[in-house]
Amino acid sequence: MQSRNLTNPAATKGPKPFSANGTARPARSRAVLNCRAAAKDPLLLRTARGEEVERTPVWLMRQAGRYMAAFRQFSDKYPFRMRSETPDIAIELSLQPLRAFQPDGVIFFSDILTPLPALGIEFDVIKGKGPAIMEPVRSMEQVKALRPMDDPASRLPFIHTILSSLRKEVDNSDATLLGFIGTPWTLAAYSMEGKADKDCKETKKIMYHRPDILHAMLNHLTEALIVYAGYQIESGAQVIQLFDSWAHHLSPDQFAEFSLPYAERITKALQAKYPHVPVILHANGGTGKLELMRGTSADVVGLDWAVDMAVARQTLGQGVKVQGNVDPMILFGPEKAIVEATNKVLLQAGPRGHILNVGHGVVQGTPEANVGLFCELARQSGQLFKQHRVSSNASKELVGAAGRV
């Protein structure tokens, strides 16, 4: 792949800086799974651990590659659960972005609701409408009737097949394999609403009238998700991201009671058992709660695009590693705008403890060439920092440089 200088917006004329058939990266040696590698670990993994790195890594949320034409060849033909629970299809969909754009992270194709059937909560994903839970959980009797996540290998065997196969593929690149779960709050809200709801009305009614039911549900989900996330790690995931997709429905006080403590329990349990696996906590709407997020045990805090990266860095403190937070809609804009917005985030975040990403998820219809440009900007971030004389220890110069982008 021939790259251009994209660190300067004036130097961005010409063809797009990526090829869908870009050359493969050299293979790297790995140590045994669940141990720190004696050889050099992949860039994103080292960044999530807080190590000094040569440049900023990049990957793009949410479902792997759903903005790609190659992805739609499957989504137009097969229903969602068939795609996410059939290993050959899920593996192919997970690898499509890696082949096309060479990001530093590969997230496996799945859904935050995938573990629910193992607990006794059936769901489907209806094309054009989203998830649907046939029997919402709204009573204490229903919560008590839920099954524990005591044997994920037998109830969710496809997860192991998908992740272990992907790990073999990813180990031949310089990418990191990401597993993920929804937070207890988000899964509880889905389970109680029975669908995506802009007001979260049924869950909020339970929250106000019977908080004991909600807390019981959150407790059950927390224990199940600790096991499920561990199963992903033991199947090959190198990093785990917690998606709190419905955090924006909560006030700061509600977030402090009904979401963050349960996400903390999962994070601490995983860190105790799998200390080599970083945990990312991404809360959609969490930037309105940064003072609370500052106290998380998560290794990395994911940021949506509703906050300036420099403000987030100052609020969280320079020691907190971050992910994000480019507005995904900028990828519909012209090349100059994409370069300027992305480089601004890169400079404000600085060269250490930052994973470049969009603030929530790549929107369907996003031009694939612009996704390639976004990834290329991360690959050239080392050069960008040198041009602006930004070092990993220069926090004051960092903010000043960011303001001049």
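Given the structure is predicted, the values throughout are model-derived calculations rather than measurements.

Conventions used here
Residues numbered from 1 in each chain as written. Predicted model: local features only at pLDDT ≥ 70, side-chain atom pairs only at ≥ 80, totals over all residues. Heavy atoms only, no water. Helix = DSSP H or I, 4+ residues; strand = E, 2+ residues; numbered from the N terminus. Contact = heavy atoms within 4.5 Å. Areas by Shrake-Rupley, 256 points an atom, 1.4 Å probe, with all protein chains shown as cover. Buried < 20%, exposed > 50% of the residue type's maximum accessible area, 1.4 Å probe, protein only. Pairing = 2+ DSSP bridges. Core = buried A, V, L, I, M, F, W, Y, C linked by side-chain atoms within 4.5 Å. Expected span 1.5 Å × (residues − 1). Arc of directions from axis to C-beta. pLDDT = per-residue confidence, 0-100. Axes fitted to C-alpha atoms, helices over the stretch in contact; angles between N-to-C directions. Phe/Tyr/Trp six-rings, centres within 6.5 Å; stacked < 30°, edge-to-face > 60°.

K.L.:
How would you sum up the overall build of the protein? Please name residues and give values.
P.N.:
In terms of helices and strands, the protein carries 19 helices and nine strands. Contacts spanning at least 24 positions in sequence make up 74% of the contacts within the protein whose residues lie at least 6 apart. When the accessible surface of the protein is split by element, carbon and sulfur atoms take 52% of a total near 16000 Å².

K.L.:
Give a description of unusual backbone geometry that names residues and reports values.
P.N.:
Going from Gly-324 to Asn-325, the amide bond is cis rather than trans, its omega being -15 degrees. Within the secondary structure, Asn-325 sits in strand 8 (residues 321-326). Although it is not a glycine, Gln-102 adopts a positive phi angle of roughly 50 degrees. By secondary structure assignment, the location of Gln-102 is in the loop between helix 4 (87-101) and strand 1 (105-107). Judged by its relative accessible area of 7%, Gln-102 falls in the buried class. Of note, the phi angle at Cys-200 is positive, near 55 degrees, even though the residue is not glycine. Looking at the secondary structure, you find Cys-200 in the loop between helix 9 (184-193) and helix 10 (201-209).

K.L.:
Go over the pairing of strand 5 (residues 239-244), please, and point to the residues and values.
P.N.:
For strand 5, the tally of buried residues reaches six of six residues, placing the bulk of the element in the interior. Side chains Val-239, Gln-241 and Phe-243 of strand 5 all project onto a buried face; the interleaved residues Ile-240, Leu-242 and Asp-244 project onto the opposite face, where all are buried too. When strand 4 (residues 176-182) meets strand 5, the two strands line up parallel, connected through five bridges. Along strand 5, the bridge assignment pairs Phe-180 with Gln-241. In this structure, strand 5 lies alongside strand 6 (residues 279-283), joined through five bridges in parallel fashion. Paired with Phe-243 across the strands is His-282, a residue of strand 6.

K.L.:
Tell me about the nonpolar core, and name the residues and values.
P.N.:
Judged by nonpolar contacts, the single largest core of 121 residues is most densely connected at Trp-185, Leu-214, Met-217 and Tyr-228. In terms of residue count, the dominant contributor to this core is helix 11 (residues 211-235) (11 residues). Other than its neighbours up to four places away in sequence, Trp-185 contacts Cys-200, Thr-203, Met-207, Leu-214, Leu-218, Asp-244, Trp-246, Ala-247, His-249, Leu-250, Phe-258 and Ser-259.

K.L.:
Which residues make up the environment of Ala-349, and what values go with them?
P.N.:
Tracing the backbone shows Ala-349 in helix 16 (residues 335-349). As for Ala-349 and Lys-321, which are separated by 28 residues in sequence, their C-alpha atoms are 9.2 Å apart.

K.L.:
Break down helix 13 (residues 260-273) for me, with residues and values.
P.N.:
With 14 residues, helix 13 extends 20 Å between its outermost C-alpha atoms, agreeing within 8% with the 20 Å of an ideal straight helix rising 1.5 Å per residue. Every buried residue belonging to helix 13 is among Leu-260, Tyr-262, Ala-263, Glu-264, Ile-266, Thr-267 and Leu-270, and all of these are buried.

K.L.:
Just give me the short version of helix 8 (residues 157-170), but keep the residues and values in it.
P.N.:
Taking 1.5 Å per residue, 14 residues should reach 20 Å; helix 8 reaches 20 Å between its end C-alpha atoms and fits that length. Among the residues making up helix 8, those that are buried are Phe-158, Ile-159, Ile-162, Leu-163, Leu-166, Arg-167 and Val-170. The buried residues of helix 8 occupy one face: seen down the axis, they fall within an arc of 160 degrees. Structurally, helix 8 contributes buried residues whose contacts are with helix 3 (80-85), helix 4, strand 1, strand 4 and helix 11.

K.L.:
Give me the confidence of the model for the protein: which residues, what numbers.
P.N.:
The predicted model of the protein has a mean per-residue pLDDT of 88, with 86% of residues at 70 or higher. In the model, residues 395-405 has pLDDT below 50 throughout and makes 18 contacts with residues more than four positions away in sequence or in other chains.

K.L.:
So what's going on with the sheet that holds strand 6? Residues and values would help.
P.N.:
Within the open sheet, the seven strands sit side by side as 1-4-5-6-7-8-9. Their pairing is parallel. Every other strand in the sheet has two partners, leaving strand 1 and strand 9 (354-358) as the edge strands with one partner each. Neighbour-to-neighbour, the strand axes of the sheet open up by a mean angle of 25 degrees, direction not taken into account. In the sheet, strand 8 pairs with strand 9 via five bridges, with the strands oriented parallel. Bridge pairing links Gly-324 to Leu-356 in strand 9. Here helix 8 sits on the sheet in contact with strand 1 and strand 4, set at roughly 150 degrees to strand 4.

K.L.:
So what about the packing of aromatic side chains? Which residues, and what values?
P.N.:
All chains considered together, the criterion is met by seven aromatic pairs. Ring centres 6.4 Å apart and planes at 35 degrees place the aromatic pair Phe-74 and Tyr-78 in the tilted group. The exposure class assigned to Tyr-78 is partly exposed, which follows from its relative accessible area of 23%. Taking the centre distance of 4.4 Å and the plane angle of 35 degrees together, the rings of Tyr-190 and Trp-246 count as tilted. Separated by 56 residues along the polypeptide, Tyr-190 in helix 9 and Trp-246 in the loop between strand 5 and helix 12 (252-258) bring together distant segments of the chain. Following the ring pairs from residue to residue traces out a cluster consisting of Phe-71, Phe-80 and Phe-109.

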